[in-house]
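Residue strings, one per chain:
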Amino acid sequence: AQKVTQAQTEISVVEKEDVTLDCVYETRDTTYYLFWYKQPPSGELVFLIRRNSFDEQNEISGRYSWNFQKSTSSFNFTITASQVVDSAVYFCALKSSNTGKLIFGQGTTLQVKP
Amino acid sequence: IAGITQAPTSQILAAGRRMTLRCTQDMRHNAMYWYRQDLGLGLRLIHYSNTAGTTGKGEVPDGYSVSRANTDDFPLTLASAVPSQTSVYFCASSPGARGGDTQYFGPGTRLTVL
């Protein structure tokens, strides 16, 4: 069975702090894809990143970085120098190349206080 | 280019009534999806369509039906609404149904069934 676990339900930080959102996944597939989406208070879902199972290179995009480790089945997301605009619900998701179905974690609510 | 549009934005519905949620995309994506979002459960797949003319059941299909008469439109129908169908509904699309295809989401429809 495929599963995504985001153990942190809510995180609260003060602006400019670094914060890491954890994501642990389960799959028996050898080829799969991992995603992060952001849901700001306005409600829409915004795609942030996609990672392939055969590419373990970490990725950095501005203040955002992602750490993919197959050995621990984790795909963690770090925001450096957080800002109030980063306040949102963040979802990690897994998609198997076999089924094509996107499986979401429960989401982590991040609150960045000024 | 609008991407994905959903209508209505929100709706309050009496139990037992029929309701169709509309979804239209202008990206010429082959695959489309309907999800519901409930607090603490993340997003769960209701129905999907890999290409025009075909549909399939997701994780929580009971009480919902879909059709895909053309590439752009993917309406979701609740034949006889029940209070447990109170949720936020998201439509999504992707270029194809392959594992590596990223899904992009519409703005959502907030449905309340009384």
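You'll find the structure just up there.
Residues numbered from 1 in each chain as written. Chains lettered and ligands numbered in written order. Predicted model: local features only at pLDDT ≥ 70, side-chain atom pairs only at ≥ 80, totals over all residues. Heavy atoms only, no water.

Caption draft 1: Just the side chain of Ser-53 of chain A, in detail. Residues and elements named next belong to chain A. Relative to the helices and strands, Ser-53 resides in the loop between β6 (46–52) and β7 (59–61). On the accessibility criterion, Ser-53 (1% relative accessible area) is buried. There is a polar contact of 3.2 Å between the side chain of Ser-53 and the backbone oxygen of Thr-30. When sequence neighbours within four positions are dropped, the list of residues in contact with Ser-53 reads Thr-30, Thr-31, Tyr-32, Phe-68 and Lys-70. (Helix = DSSP H or I, 4+ residues; strand = E, 2+ residues; numbered from the N terminus. Buried < 20%, exposed > 50% of the residue type's maximum accessible area, 1.4 Å probe, protein only. Polar contact = N/O pair within 3.5 Å; in protein donor to acceptor, adjacent residues only side chain to side chain. Contact = heavy atoms within 4.5 Å.)

Caption draft 2: Looking closely at the layout of surface pockets. A volume near 680 Å³ is recorded for the largest pocket. Lining the largest pocket we find 30 residues, and of these Gln-39, Val-89 and Phe-91 of chain A together with Gln-37 and Leu-39 of chain B sit closest to its centre. Only β10 (88–96) and β12 (108–113) of chain A together with β4 (31–38), β9 (87–94) and β11 (109–113) of chain B provide two or more residues apiece to the lining of the largest pocket. Grouping the amino acids of the lining of the largest pocket by side-chain chemistry returns 10 nonpolar, 17 polar and 3 charged. In terms of lining, the second largest pocket is formed by 18 residues, of which the most central are Ile-103 and Phe-104 of chain A together with Leu-43, Arg-44 and Glu-59 of chain B. Of all the secondary-structure elements, those providing two or more residues to the lining of the second largest pocket are β1 (3–5) and β11 (102–104) of chain A together with β5 (42–49) of chain B. For the lining of the second largest pocket, the residue count by class is 8 nonpolar, 5 polar and 5 charged. (1 Å grid on protein atoms, 1.4 Å probe; cavity = no way out; pocket = protein on both sides within 12 Å on 5 of 7 lines; lining within 4 Å. Points joined across faces, edges and corners; volume = space filled by probe spheres on them. Nonpolar A, V, L, I, M, F, W, Y, C, P; charged D, E, K, R; others polar.)

Caption draft 3: Inspection of the nonpolar core at higher detail. Grouped together as the largest cluster of nonpolar side chains are 23 residues, with contacts concentrated most on Trp-36, Phe-75, Phe-77, Tyr-90 and Leu-110 of chain A. Listed by contribution, the elements that provide at least two residues to this core are β2 (10–14), β3 (19–21), β5 (32–39), β8 (64–69), β9 (74–79), β10 and β12 of chain A. For this core, the element with the highest residue contribution is β10 of chain A, accounting for 4 residues. For Phe-75 of chain A, the residues in contact, after removing those within four places along its chain, are Cys-23, Leu-34, Phe-35, Trp-36, Ile-49, Arg-51, Trp-66, Asn-67, Phe-68 and Cys-92 of chain A. One finds Leu-45 and Phe-104 of chain A together with Leu-43 and Phe-90 of chain B within the second-largest nonpolar core, a separate group that totals 19 residues. (Core = buried A, V, L, I, M, F, W, Y, C linked by side-chain atoms within 4.5 Å.)

Caption draft 4: Focus on the pattern of salt bridges. Residues and elements named next belong to chain A. One pass over the full model with this rule turns up 7 salt bridges over all chains. Residue Arg-51 is joined to Glu-59 by a salt bridge in which the shortest nitrogen-to-oxygen separation is 3.1 Å. We classify Arg-51 as buried; its relative accessible area is 7%. The exposure class of Glu-59 is partly exposed, given its relative accessible area of 29%. Taken together, the shared-partner salt bridges connect Arg-51, Asp-55 and Glu-59 into one network. (Salt bridge = Lys/Arg side-chain N within 4 Å of Asp/Glu carboxyl O.)

Spatial relationships are all this shows, so hold off on functional conclusions.
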